[in-house]
Amino acid sequence: MREALVRQVWTGLGAPHALDGLELTGPEVVWPSAFDVTGLAVASVSAASLAVADLAGASRVAVDSREACAAFHSERLFSPIGWELPPPWDPIAGDYPTADGWIRLHTNYAHHRTAATAALGLGDDASRESVAAAVRERAADELEQAVVDAGGCAAALRDRAAWLQHPAGATAAALPLVDLRATGARTRFEPVPDRPLDGLSVLDLTRVIAGPVCTRLLAAHGADVLRIDPPGFAEVPALLPVTTEGKRCAALDLSTPTGRETFLALLHDADVLVHGLRPGALDRLGLGADVLADRFPHLVTGQLSAYGTVGPWGGRRGFDSLVQMSAGIVAAESARAGGPGLSALPAQALDHATGYLLAAGICRLLADATSGTATAALAATAELLATAPAPDAEPAGLGEPRRPERSTAWGPAGVVPVAGRVGDLVTDLPRPAGPLGRHEPVWS
């Protein structure tokens, strides 16, 4: 079953060859779920590994299902040694019963929390209990729209049928898994066989999990990844020890002339730009797609979104847990679990899979030596998962994943490696994880 899903994903990326050199090991099913989450992990890791193999001229790729699933749990399996991580969720983030259903509020960023509490007529210091009481008085769809209109992030619970009948769901169902569009201009990058992405300069404007998973994989195969954040940006602190490993992190205010000038200089020498900005964000900075293609014709651009960049929700903010709510995944998992509350996938699988798939798309363009864009959306990955055959084997469990000790700016920790083995290549992330903004915005 997983071989068919791997073939579907690899073919969808315009793959130039069959899967003869791919070895899949490990149990068919690792996690209990209404969906083939194990197959999704294996397929997305396989796609990224096969794309790297094309760059390296390697003929063998090996993917173990437990290792792929462990990678999908990397932020949960991260094990500080002698120190502690802060809580991963804001106190009021989560699922709430409404007057007619359920809704999930995503409040890990302060401005999203402010939007959610404002939509509920509460202050920033609202307790979880007061939020729950206010949510119970509202209809799910109405409150979802009110939070979104206030600049926040929320998702009402929908089952699969309701999602497909919704205009945003119909749009998502028609999205390609990874939309690859070559411009025809040649890239400047030349892969190195033993370290295929050595010398590749990647400008990273992504946040949270999906984008950083993509750029972490590129860094593991040799890319020089420079993450750019606004000065003082408050990323989810529990994620930084995982998502910044292997990268340099600089602060840059793109709203200022000096910041834009520096950013343009970085783009001039970059090979790849990866971002999760909503449609129009770069245009407002004078850096729309046409400008980038004209001024930097060599550039490969990877773009992430929650619900796609077209359709009624093309500009909507979103995260893995919200897309699961919208797309019928939480409804199906909750029905399977049969508990009083809601149940989600056993991992942030949409985030991790989309990150690996975007990395695969970027590497496919690089392998063809053509500039262009690779676009991926959490909702498209959800569609792949929802339409794949359900698992029919008993879950074998994750076991005890390998977590070699790594250095971070906060202290040592056990860290799950990047999944997938490409020939005899050795993946490595020599730059320790650390706080944002600690490096200068220059290429090394």
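Note: the structure precedes this text.
Below or above, wherever it landed, is the structure these notes cover. Please read these numbers as outputs of a predicted model, since none were measured by experiment. (Residues numbered from 1 in each chain as written. Predicted model: local features only at pLDDT ≥ 70, side-chain atom pairs only at ≥ 80, totals over all residues. Heavy atoms only, no water.)

1. Examining the overall build of the protein
Okay, step 1: For the protein, the count of helices and strands is 18 helices and 16 strands.
Okay, step 2: The C-alpha atoms of the protein give a radius of gyration of 21 Å, which matches the 22 Å a tight globule of 444 residues would have.
Okay, step 3: Dimensions of the protein, computed from the C-alpha atoms along their principal axes, are close to 60 × 55 × 50 Å.
Okay, step 4: Within the protein, the fraction of its 444 residues that count as buried is 56%. (Helix = DSSP H or I, 4+ residues; strand = E, 2+ residues; numbered from the N terminus. Rg over C-alpha atoms; globule rule 2.2 N^0.38 Å. Buried < 20%, exposed > 50% of the residue type's maximum accessible area, 1.4 Å probe, protein only.)

2. Some thoughts on the packing of aromatic side chains
Okay, step 1: Across all of its chains, the model carries eight aromatic pairs by this definition.
Okay, step 2: Judged by centre distance (6.1 Å) and plane angle (50 degrees), the ring pair of W163 and Y307 falls under tilted. Of this pair, W163 sits in helix α8 (residues 160-165) while Y307 sits in the loop between β12 (300-305) and α15 (320-326), and the two are 144 residues apart along the sequence. Assigned by exposure class, W163 and Y307 land together as buried.
Okay, step 3: Here a set of aromatic residues connected by ring pairs shows up, and it is made of F78, W83 and W410.
Okay, step 4: Across from the ring centre of W89, 5.0 Å away, lies the NZ or CZ of R104, which sits over that ring. (Phe/Tyr/Trp six-rings, centres within 6.5 Å; stacked < 30°, edge-to-face > 60°. Lys NZ or Arg CZ within 6 Å of the ring centre and 35° of its normal.)

3. A few points about the state of the cysteines
Okay, step 1: Tallied over the full model, the rule gives zero disulfides.
Okay, step 2: Here C214 is not disulfide-linked; the sulfur of C363 is the nearest cysteine sulfur, at 8.0 Å.
Okay, step 3: Among the residues examined, C214 registers a relative accessible area of 0% and is labelled buried.
Okay, step 4: A relative accessible area of 0% places C363 in the buried class. (Disulfide = S-S within 2.5 Å.)

4. So, the side chain of R364
Okay, step 1: As for its position among the elements, R364 is in helix α17 (residues 349-367).
Okay, step 2: On the basis of relative accessibility, which here comes to 6%, the residue R364 falls in the buried class.
Okay, step 3: There is a polar contact of 3.3 Å between the side chain of R364 and the backbone oxygen of L13.
Okay, step 4: The residues touching R364, leaving out its near neighbours within four places in the chain, are W10, L13, G14, A15, P16, A51, D54 and L180. (Polar contact = N/O pair within 3.5 Å; in protein donor to acceptor, adjacent residues only side chain to side chain. Contact = heavy atoms within 4.5 Å.)

5. Digging into the pattern of salt bridges
Opposite charge on two side chains permits pairing when their charged atoms draw close.
Okay, step 1: Overall, the coordinates contain 22 salt bridges when judged by the stated rule.
Okay, step 2: Across the pair R316 and E144 runs a salt bridge whose closest N-O atoms are separated by 3.8 Å. Highlighted residues: R316 in the loop between β12 and α15 and E144 in helix α7 (residues 140-149), separated in sequence by 172 residues.
Okay, step 3: Residue E144 is classed as buried on the basis of its relative accessible area of 2%.
Okay, step 4: The salt bridge partner of R431 is D224, with a shortest N-O separation of 3.5 Å. Within this pair, whereas R431 is found in the segment after β16 (421-422), its partner D224 is found in strand β9 (residues 224-229), the two being separated by 207 residues in sequence.
Okay, step 5: Among the residues examined, R431 registers a relative accessible area of 26% and is labelled partly exposed.
Okay, step 6: Linked through salt bridges whose partners overlap, the residues forming this network are D141, E144, R158 and R316. (Salt bridge = Lys/Arg side-chain N within 4 Å of Asp/Glu carboxyl O.)

6. Structural notes on the sheet that holds β12
The strands that make up a sheet pair up through hydrogen bonds in the backbone, lying either parallel or antiparallel.
Okay, step 1: Within the open sheet, the seven strands sit side by side as β7-β13-β12-β11-β8-β9-β10. Their pairing is mixed. Since the sheet does not close on itself, it has two edges, and those belong to β7 (178-186) and β10 (247-251), each with one partner. Within this sheet the neighbouring strands show an average axis-to-axis angle of 15 degrees, counted without direction.
Okay, step 2: Strand direction decides the pairing type here: β12 and strand β13 (residues 370-377), joined by six bridges, are parallel. Paired with Q303 across the bridge in β13 is T375. (Pairing = 2+ DSSP bridges. Axes fitted to C-alpha atoms, helices over the stretch in contact; angles between N-to-C directions.)

7. Remarks on the nonpolar core
Okay, step 1: Counting residues in hydrophobic clusters, the biggest one holds 101 residues, and the most contacted among them are F72, L197, L218, Y307, Y356, I362 and L366.
Okay, step 2: No other element matches helix α2 (residues 37-56), which puts 14 residues into this core.
Okay, step 3: Look past the residues within four positions of I362 in its chain and what remains in contact with it is C214, L218, V272, V274, V300, G302 and A374.
Okay, step 4: The next biggest cluster of nonpolar side chains, apart from the first, holds 19 residues, and it includes F263, L266, F296 and W443. (Core = buried A, V, L, I, M, F, W, Y, C linked by side-chain atoms within 4.5 Å.)

8. Section: helix α1 (residues 2-12)
Okay, step 1: Of all the residues in α1, the buried ones are R2, L5, V6, V9 and W10. An end-on view of α1 places all buried positions within 130 degrees of arc, on one side of the element. Opposite the buried face of α1, by more than 90 degrees, sit the exposed residues T11 and G12.
Okay, step 2: Tucked into the core, α1 has its buried residues touching β1 (22-25), α2, α3 (65-72), α17 and α18 (378-387).
Okay, step 3: Downstream of α1 by a residue or two, G14 has a phi angle that is positive, lying close to 70 degrees. (Arc of directions from axis to C-beta.)

9. Some remarks on the environment of V274
Okay, step 1: Within the secondary structure layout, V274 lies in strand β11 (residues 272-275).
Okay, step 2: Expressed as a C-alpha distance, the spacing of V274 and G361, which sit 87 residues apart in the sequence, is 11 Å.
Okay, step 3: Apart from the residues lying within four places of it in its own chain, the contact partners of V274 are V202, L203, D204, L205, T206, C214, T215, G302, L358 and I362.

10. Things to note about the packing of α2 against α17
Okay, step 1: Where α2 meets α17, the axes come as close as 8 Å, and the angle between the chain directions of the two elements is 20 degrees. By the angle class used here, α2 and α17 are roughly parallel. Crossing hand, α2 versus α17: left-handed. Across the interface between the two elements, V37, L40, S44, V45, A47, A48, A51, V52, D54 and L55 from α2 touch A349, A353, Y356, L357, A360, C363, R364, L366 and A367 from α17.
Okay, step 2: In terms of residue class, the contact of α2 with α17 is built from 16 nonpolar, one polar and two charged. (Parallel < 35°, antiparallel > 145°, perpendicular 65-115°, else oblique. Left-handed = near helix turned anticlockwise from the far one by under 90°. Nonpolar A, V, L, I, M, F, W, Y, C, P; charged D, E, K, R; others polar.)

Limitation: the analysis is restricted to geometry and does not speak to function.
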